[in-house]
Amino acid sequence: MAEDVIMSDRILIIDFGSQVTQLIARRVRESGVYCEVHPFNKVTGESLAAFAPKAIILSGGPASVLDIDTPRAADEVFDFGVPVLGICYGQQTMVEQLGGEVQTSDHREFGRAQVRVTEECAIFDGIWHVGAEEQVWMSHGDRVVRLPEGFRVVGTSDGAPYAAIANDERCFYAVQFHPEVVHTPHGAELLKNFTHGVAGCRGDWTMAAFREQEIAKVRKQVGDGRVICGLSGGVDSSVVAVLLHEAIGDQLTCVFVDTGMMRMGEADEVVKLFRDHYNISLVHRDATDLFLGKLDGVSDPEQKRKIIGATFIDVFDEEANNVGGADFLAQGTLYPDVIESVSFHGGPSVTIKSHHNVGGLPERMNMALVEPLRELFKDEVRELGRELGLPESFVGRHPFPGPGLAIRMPGDITREKLDILRKADAIYLEEIRNAGLYDKIWQAFAVLLPVQTVGVMGDARTYDNVCALRAVTSTDGMTADFYHYDMEFLGRAANRIINEVRGINRVVYDITSKPPGTIEWE
């Protein structure tokens, strides 16, 4: 991956297994510097020379340097001649490997803590001042008790006498706290001082530069071959399609499989944008009857997913063969998937998150993969979409699951229930947009419950369905809190749904956070 990236400034992040390593990468990229996360056991002198970083960051991790066979940085990291920043476990392994000492502490620190700034330091410059106490986020049981030669202490905390240390001559710095998390208020600025001030990075990595670089890479990889892309209308596949079309033109064919479980008007929007506006070669297969037939009488959520995924692959395969096949399959793989798939602890790669990523097709159809987004985080994909001129209605839309409305309908799936849910969902989202709330919410949707209740409409008794409304705030979808609407909004949305959607006579709001719940209902 790295050898194809045309960048003068790069930061290498060596991963020791921290749950927040990706946040380090996010913060570095937000400051305009390209970086990559590599597992510690894949970093060698040869790989360092090939990547040629201007600086190296050592992440945190769950291990203890006091145990046998726990992760260590390659010796070449400290001999490479570039600045190094150690964070949490990264600090401890730096100290231990360079001749200092780490011990288990009786005073562990987890959560918010205060660091007292004792001396000036390049990574504090203009942000933290001597004598100040600064809030940070700690998560450690071990602590440094003796520094290697050439280091000095520049910050302390109650549980870490060497909370921040520096070797100015070698440009080695280390902190026991986590500057990458939001609970360290000035953490992003500290990281920028390291990447820009100490390492001298220019901060000129932009999405415009990435766009041109990726177009060149795609042209080189594909040559005069043909590429087929599974288009869902979601952000990732939409950005992939437009980028590839800009790179290779009519060598690209997109296949859009309409499962019959999309939102109101979504299929028409996809066809209009990609076929009519962008003039991309698009195969639109309405397979509603096929999918509903296979799902008839199925209520188990996992079975729904498996049936939809398998049927999608069959239909995609059929349509791909109808257009004469292809040499390459384009997918919207993102960087978090890549990081997880090469994790040092041997964890499996992230399961393809939705059926339109056509897992299994590359082998089945003997195609190589084109993955132009594999170096980007989700927010960067949205930024690239804007750079490519995609409408905000596509770039900024909320996540939508691959199985679609099938998993927003506990119980069996019927055409009638899909129509009811589609209408309720459309009204709910319209009210959210009218209130100016859409961009403040990570994900919002309606759920049709397998519950009927008694109601009264026009002096007549009704016995109809219950609709649940869901809205959450999140940064990455891993954790989420329910959105705190005012009651006036909820009353207005519920009133419209009950009045305008025949088949619903009661509306409830889901106030479950994640954890313990999930964002979707199935």
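In case you missed it, the structure is sitting above this.
To start, this report covers the structure provided alongside it. (Residues numbered from 1 in each chain as written. Predicted model: local features only at pLDDT ≥ 70, side-chain atom pairs only at ≥ 80, totals over all residues. Heavy atoms only, no water.)

**Section: the packing of helix H6 (residues 207-222) against helix H13 (residues 378-387)**
For clarity, the cut-off: Axis definition: a line fitted to C-alpha atoms, over the contacting stretch in the case of helices. Angles run 0 to 180 degrees between N-to-C directions. Under the scheme used here, helices are H or I runs from DSSP no shorter than 4 residues and strands are E runs no shorter than 2 residues, and both carry numbers assigned from the N terminus. Working rule for angles: under 35 degrees goes down as roughly parallel, over 145 as roughly antiparallel, 65 to 115 as roughly perpendicular, anything else as oblique. Throughout, a contact is declared for two residues whenever any of their heavy atoms are within 4.5 Å. Amino acids outside the nonpolar list (Ala, Val, Leu, Ile, Met, Phe, Trp, Tyr, Cys, Pro) and the charged list (Asp, Glu, Lys, Arg) are all regarded as polar, and Gly is one of them.
Between H6 and H13, whose axes approach to 9 Å, the crossing angle comes to 80°. Classed by the angle they form, the pair H6 and H13 counts as roughly perpendicular. Judged by residue contacts, Met207, Ala208, Phe210 and Arg211 of H6 engage Glu380, Glu383, Leu384 and Glu387 from H13. Among the residues making up the contact of H6 with H13, the classes are represented as 4 nonpolar, no polar and 4 charged.

**Observations regarding the pattern of salt bridges**
When charged atoms on two side chains of opposite charge get close, those side chains can pair. Rules: The term salt bridge refers to a pairing of a side-chain nitrogen on Lys or Arg with a carboxyl oxygen on Asp or Glu at a separation within 4 Å. In this scheme, a residue with accessible area under 20% of its type's maximum is buried, one over 50% is exposed, and one in between is partly exposed, where area comes from a 1.4 Å probe on protein chains only.
Summed over all chains, the structure comprises 34 salt bridges. Between Lys217 and Glu214 there is a salt bridge whose closest N-O contact spans 3.6 Å. Of this pair, Lys217 and Glu214 both sit in helix H6, 3 residues apart, which is roughly one turn of the helix. Glu214 sits in the buried class, given a relative accessible area of 4%. With a closest N to O distance of 3.0 Å, Lys417 and Asp412 form a salt bridge. Lys417 sits in the buried class, given a relative accessible area of 17%. Put simply, Glu430, Glu431, Glu488, Arg492, Arg496 and Glu500 are held in one network by salt bridges that share partners.

**So, helix H4 (residues 89-97)**
The element H4 is largely enclosed, with a buried count of 7 among its 9 residues. Of the residues making up H4, those classed as buried are Tyr89, Gly90, Gln91, Gln92, Thr93, Met94 and Val95.

**Thoughts on the nonpolar core**
Worth spelling out the cut-off: Put simply, a nonpolar core is a bunch of buried Ala, Val, Leu, Ile, Met, Phe, Trp, Tyr and Cys residues held in one set by side-chain atoms that sit within 4.5 Å of each other.
With 52 residues, the main nonpolar core has Tyr428, Ile432 and Tyr485 as its most contacted residues. Mapped by element, the contributors of at least two residues to this core are strand E11 (252-258), helix H9 (288-295), helix H10 (301-322), helix H15 (415-434), strand E15 (443-457), strand E16 (460-473), helix H16 (487-500) and strand E18 (504-509). Of all the elements, H15 adds the most residues to this core, at 8 residues. When neighbours within four sequence positions are excluded, Tyr428 is seen to be in contact with Ala444, Phe445, Ala446, Leu469, Arg470, Ala471, Tyr485, Phe489, Ile497 and Tyr509. Counting residues in hydrophobic clusters, the runner-up holds 43 residues, among them Val218, Leu252, Cys254 and Val271.

**Observations regarding the sheet that holds strand E13 (residues 328-330)**
Our working definition: Strand pairing is assigned whenever DSSP detects at least two bridges linking the two strands.
With respect to topology, 5 strands assemble into an open sheet ordered E12-E11-E10-E13-E14, the strand pairing being parallel. Across the chains shown, the open sheet's two edge strands, defined by having one partner strand only, are strand E12 (281-286) and strand E14 (368-370). When the angles between neighbouring strand axes are averaged without regard to direction, this sheet yields 25°. For strand E10 (residues 227-230) and E13, the ladder comprises 3 bridges, and the chain directions are parallel.

**Focus on the packing of aromatic side chains**
For any pair of aromatic rings, the description rests on two quantities: the centre-to-centre distance and the angle between the ring planes. Applicable threshold: Between rings of Phe, Tyr and Trp, where Trp is taken as its six-membered ring, a pair exists when centres lie within 6.5 Å; planes separated by under 30 degrees are stacked, by over 60 edge-to-face, and by other angles tilted. By definition, being over a ring means that NZ of Lys or CZ of Arg is both within 6 Å of the ring centre and within 35 degrees of the ring normal.
Applying the stated criterion across every chain, the model contains 14 aromatic pairs. Pairing Trp205 with Phe210 gives two aromatic rings, centres 6.2 Å apart and planes at 85°, and the pair type is edge-to-face. Note on Trp205: relative accessible area 8%, which makes it buried. Aromatic side chains Tyr428 and Tyr485 sit 6.4 Å apart centroid to centroid with 70° between the ring planes, which places their arrangement in the edge-to-face category. In this pair, Tyr428 sits in helix H15 while Tyr485 sits in the loop between strand E17 (481-482) and H16, placing the two residues 57 residues apart along the sequence. The class of Tyr428 is buried, set by a relative accessible area of 0%. In textbook terms, an aromatic cluster arises when at least three aromatic residues are bridged by ring pairs, as seen for Tyr428, Tyr483, Tyr485, Phe489 and Tyr509. A cation sits over an aromatic face here: Arg397 above Phe394, 4.5 Å from the ring centre. Here Arg433 stacks its cationic end above the ring of Tyr438, 4.2 Å away from the centre of that ring.

**Quick look at the side chain of Thr21**
Put simply, the rule is: Counted as a polar contact is a pair of N or O atoms within 3.5 Å, where, for protein atoms, one must be capable of donating a hydrogen and the other of accepting one, and residues adjacent in sequence contribute only when both atoms are in side chains.
Mapped onto the elements of the fold, Thr21 is located in helix H1 (residues 21-30). At 3.5 Å, the side chain of Thr21 and the side chain of Ser59 are in polar contact. Every residue in contact with Thr21, bar those within four places of it in the chain, is listed here: Ile13, Asp15, Val37 and Ser59.

**Remarks on unusual backbone geometry**
Here the bond from Lys514 into Pro515 is cis, since omega is -15°, no more than 30 degrees from zero. Checked against the element boundaries, Pro515 lands in the segment after E18. A cis amide bond links Pro515 with the next residue in sequence, Pro516, at an omega value of 10°. For Pro516, the location among the structural elements is in the segment after E18. A positive phi is found at Ala52, a non-glycine position, where the angle reads about 55°. Relative to the helices and strands, Ala52 is located in the loop between helix H2 (45-51) and strand E3 (55-58). Taking the relative accessible area as the measure of exposure, Ala52 reaches 42% and is therefore partly exposed. The phi dihedral of Cys88 is positive, around 55°, even though this residue is not glycine. As for its placement among the helices and strands, Cys88 is situated in the loop between strand E4 (84-87) and H4.

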